[in-house]
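Listed below are the residues making up each chain.
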Amino acid sequence: MTLESRLRDAVDETVTSQRLVDDRLGDLRRMRRHRTAQRAAMALAAVAVVAAGLAVQAHRPSTPQPAPHPPNLRGGAVLAITTEGAVTQVRGPRLPHLPTTAVATGPFRFTRDGSSLVYAAGGGVHRLDLRSGTDDALGECPDRACTVAYNEDASRSALAVDHYIVVSDVSSGETTTIAIGASAKDLAWSPGNAALAFVTRRGGTATLETLDLDSRRRSRLVRLQAGDYFATGPVWSPDAHQIAFVVHAGPVDVDSHLLLETVTTQDDPRSSLLRTLDICTCRAYAPGIAWSPDGTRLATTLKRAGSAGGPLSSLRRDGTGWRPEADGTFTGRVAWQPLIDSED
Amino acid sequence: MDRIGAEATGLDRASTAPPPFDDFYRAELPRLVALARGLCPPHLAEDLAQEAMLVAYRRWRTVAALERPDLWVRRVCANLAVSSFRRRMVEIRGLARLAGRREPELLSDDTEAIWAACRSLPKRQAQAMALRAVYDLPIADIAAVLDCSDGTVKQHLSRARASLRTTLHLEDEGDVS
């Protein structure tokens, strides 16, 4: 058999395999609508940043209602966890009291007023008052990775058990069990505590969903392709209008992509690729991400080749303005402290 | 202005509506996917062909007015496949996911082996070879798509054939240009 005839056969088979041309023409139209919508969304986002104070009051009938921003919110300290589990302050005014270590897969967040840090260490979850240094135990970790989520004032926790989410009141111990029909992980409370975001696996594909805690209504925001997964679970923006996450896309052995993306939480969710964080062999790496308190930037860790962690960088919420923040071997969790000006 | 980019002049084209994009799409897509198969991994080929078609769709009035819109979209596809590859692919995959991506069609081992060998060629050789194999284009048209001279295309094809024969363990039946 000659090269020419083998090529001809290959072309014929490939061309013949394209039987669903009309279906793909429909796909093409949808792609165009998506892109048009994305451009419009980018333009709206620019306007929204300017008018952020008005935007947080917008009415969203079927999605979680965000809590209003505290006045004069500005960014304070940024904390990250190294691959050895050490809590490191990478920028901002120096905090006098910090935990020494924290679990990089457990809760790690500032409370809404920025006065305390919720973190996991020693098999339990703690609330550290950053001014006095008082450390209170909130509860035990359910597992070694401490996969429990605490809301922004550490008054409630959420835990995925089998096909249920168990929401608990920290002070009273009262629990509510909500069926979600699939195993969940990476739970994250929305600002205002109205909703939870989490990752499920339905039909063999990883899915990012939200659950409105009042109506029990679930919304599917993102569904990945088979084989792809969420390297980093959902992180709500301070206004609750967007969720950031990191997708591990492509083969697991070589040249997979770590993609930093956001999705809107409105009725018609729209995803945006902000940046390809890395093209690497990095199956086990979970970048830490955190929103700045004013919602204009995202901080993220990167994996350095040959290391289990990497430096911290940040970028604007539209994917531009990439800049390095701190060198180190960070992984898993990043927390960005809200500060409230006292004069107002 | 090259053979692809020369826009039709006069009232006959400018004053009439462009031909339907749907017809162009149905005629071009199957071979465009085959072209992409020869230039990028199978799981990306259909998305890549879609991406090239999307570019044509968005600019259809302008593209339809070209002398050879078919060559134009093949150039877009061939260039997309080899330039800024990874970054572009990621974006394409992400957008395709939003639009409801389909799994690529499974092909026979022989066909996959041919396309894999083609993809392993140097970029320009792979482009020339894929265009020749998929469309049976004359040298001049391949040169127009790749924006190079006829002599360069002949050289690329000759080297590509030699490499493919070696890779696929085929006998030398003499060059056909």
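Note that the coordinates shown come from a computational prediction; the quantities given were computed from them, not determined experimentally.

Caption draft 1: Region of the structure containing the interface of chain B and chain A. Tallying the contact residues gives 48 residues for chain B and 44 residues for chain A. Linking chain B to chain A there are four salt bridges. Here Glu4 of chain A makes a salt bridge to Arg161 of chain B, at a shortest N to O gap of 3.0 Å. Mapped by element, the contributors of at least two residues to the side of chain B that touches chain A are helix 2 (21–37), helix 3 (42–58), helix 6 (85–98), helix 7 (109–119), helix 8 (123–135) and helix 10 (150–168) of chain B. For the side of chain B that touches chain A, the element with the most residues is helix 2 of chain B, which contributes ten residues. Split by residue class, the side of chain B that touches chain A holds 24 nonpolar, four polar and 20 charged.

Caption draft 2: Layout of helix 10 of chain B. Here helix 10 of chain B contains 19 residues, and its C-alpha end-to-end distance of 27 Å stays within 8% of the 27 Å for a straight helix at 1.5 Å per residue. Among the residues making up helix 10 of chain B, those that are buried are Val153, His156, Leu157, Ala160, Arg161, Leu164, Arg165 and Leu168 of chain B. Viewed end-on, helix 10 of chain B has its buried residues packed into an arc of 160 degrees, placing them on one side of the element. Looking at the buried residues of helix 10 of chain B, the elements they touch are helix 1 (3–16) of chain A together with helix 7, helix 8 and helix 9 (139–146) of chain B. Where helix 10 of chain B ends, the next residue or the one after it, His169 of chain B, has phi of about 55 degrees, a positive value.

Caption draft 3: Highlighting the packing of helix 7 of chain B against helix 10 of chain B. Residue and element names in this part refer to chain B. The interhelical angle for the contact between helix 7 and helix 10, taken along N-to-C directions, is 130 degrees, at an axis separation of 10 Å. What the angle tells us is that helix 7 and helix 10 run oblique. Crossing of helix 7 against helix 10: the hand is right-handed. For the pair helix 7 and helix 10, contact is made by Ala113, Ile114, Ala117 and Cys118 and by Leu164, Thr167 and Leu168, respectively. Per-class residue counts for the contact of helix 7 with helix 10 are six nonpolar, one polar and no charged.

Caption draft 4: Molecular detail of the sheet that holds strand 14 (residues 218–223) of chain A. Residue and element names in this part refer to chain A. Judged by pairing direction, the sheet is antiparallel, and its four strands sit side by side in the order 11-12-13-14 without closing on themselves. Of all the strands in the sheet, the pair left with one neighbour each is strand 11 (184–189) and strand 14. Each neighbouring strand pair of the sheet contributes to a mean axis angle of 25 degrees, computed without reference to strand direction. Bridge count between strand 12 (residues 195–202) and strand 13 (residues 205–212): eight bridges; the pairing is antiparallel. For Ala195, the partnering residue across the bridge sits in strand 13 and is Asp212.

Caption draft 5: Region of the structure containing the sheet that holds strand 18 (residues 271–280) of chain A. Residue and element names in this part refer to chain A. The four strands lie next to each other as 15-16-17-18, forming an open sheet whose pairing is antiparallel. Looking at the sheet topology across the chains shown, the edges are occupied by strand 15 (229–236) and strand 18. Averaged over all adjacent pairs, the angle separating strand axes in this sheet is 15 degrees, with direction ignored. Note: strand 16 (residues 242–249) against strand 17 (residues 256–264), eight bridges, orientation antiparallel. The partner of Phe245 across the bridge, within strand 17, is Glu261.

Caption draft 6: Examining the pattern of salt bridges more closely. Throughout the structure, instances matching the rule amount to 16 salt bridges over all chains. When the shortest N-O distance is used, the salt bridge between Asp22 of chain A and Arg26 of chain B registers 2.5 Å. Residue Asp22 of chain A is found in helix 2 (residues 21–50), and its partner Arg26 of chain B is found in helix 2; the two belong to separate chains. Using a relative accessible area of 48% as the deciding quantity, one classes Asp22 of chain A as partly exposed. The partly exposed category is assigned to Arg26 of chain B, whose relative accessible area is 38%. With a closest N to O distance of 3.0 Å, Arg68 of chain B and Asp70 of chain B form a salt bridge. For Asp70 of chain B, a relative accessible area of 15% puts it in the buried group. Three or more residues joined by partner-sharing salt bridges are found here, namely Glu28, Arg68, Asp70, Arg74 and Asp141 of chain B.

Caption draft 7: Structural detail: a negative patch on the surface. Judged by side-chain charge, Asp9 and Asp12 of chain A together with Asp109 and Asp110 of chain B come together as a negatively charged surface patch. Mapped by element, the contributors of at least two residues to the negative patch are helix 1 of chain A together with helix 7 of chain B. The partly exposed category is assigned to Asp12 of chain A, whose relative accessible area is 37%.

Caption draft 8: Local environment of the side chain of His156 of chain B. Residue and element names in this part refer to chain B. Within the secondary structure, His156 is located in helix 10. By relative accessible area, His156 is classed as buried at 16%. For His156, the residues in contact, after removing those within four places along its chain, are Arg124, Gln125 and Ala128.

Caption draft 9: Focus on the nonpolar core. One finds Phe21, Leu32, Met53 and Trp115 of chain B to be the most contacted residues of the largest nonpolar core, which totals 69 residues. Take this core: its biggest share by element is ten residues, from helix 3 of chain B. Excluding residues within four positions of it along the chain, Met53 of chain B makes contact with Leu28 of chain A together with Phe21, Phe24, Tyr25, Glu28, Leu29, Leu32 and Val73 of chain B. In this structure, Ala195, Val222, Ala240 and Val263 of chain A belong to the second largest nonpolar core, which totals 18 residues.

Caption draft 10: How the structure looks around a positive patch on the surface. Residues Arg32 and Arg39 of chain A together with Arg58 and Arg59 of chain B make up a contiguous surface patch of positive charge. Mapped onto the secondary structure, Arg59 of chain B falls in the loop between helix 3 and helix 4 (60–64). Relative accessible area serves as the criterion here: at 47%, Arg59 of chain B is assigned to the partly exposed category.

Caption draft 11: The pairing of strand 16 of chain A, seen in detail. Residues and elements named next belong to chain A. For strand 16, the buried fraction is high: eight of the eight residues fall into the buried class. Side chains of strand 16 alternate between two faces, with Gln242, Ala244, Val246 and His248 and Ile243, Phe245, Val247 and Ala249 buried alike. Here strand 15 pairs with strand 16 via five bridges, running antiparallel. Pairing of Tyr229 across the sheet is with His248, part of strand 16. Here strand 15 folds back onto strand 16 in antiparallel fashion, the turn holding five residues, of which Ala240 has a positive phi close to 65 degrees.

Analysis parameters
Residues numbered from 1 in each chain as written. Chains lettered and ligands numbered in written order. Predicted model: local features only at pLDDT ≥ 70, side-chain atom pairs only at ≥ 80, totals over all residues. Heavy atoms only, no water. Contact = heavy atoms within 4.5 Å. Salt bridge = Lys/Arg side-chain N within 4 Å of Asp/Glu carboxyl O. Helix = DSSP H or I, 4+ residues; strand = E, 2+ residues; numbered from the N terminus. Nonpolar A, V, L, I, M, F, W, Y, C, P; charged D, E, K, R; others polar. Expected span 1.5 Å × (residues − 1). Buried < 20%, exposed > 50% of the residue type's maximum accessible area, 1.4 Å probe, protein only. Arc of directions from axis to C-beta. Axes fitted to C-alpha atoms, helices over the stretch in contact; angles between N-to-C directions. Parallel < 35°, antiparallel > 145°, perpendicular 65-115°, else oblique. Left-handed = near helix turned anticlockwise from the far one by under 90°. Pairing = 2+ DSSP bridges. Patch = residues over 30% accessible without salt bridge, like charges linked within 9 Å, V, L, I, M, F, W, Y side chains within 5 Å. Areas by Shrake-Rupley, 256 points an atom, 1.4 Å probe, with all protein chains shown as cover. Lys, Arg positive; Asp, Glu negative; His and termini not counted. Charge placed at Lys NZ, Arg CZ, Asp CG, Glu CD. Core = buried A, V, L, I, M, F, W, Y, C linked by side-chain atoms within 4.5 Å.

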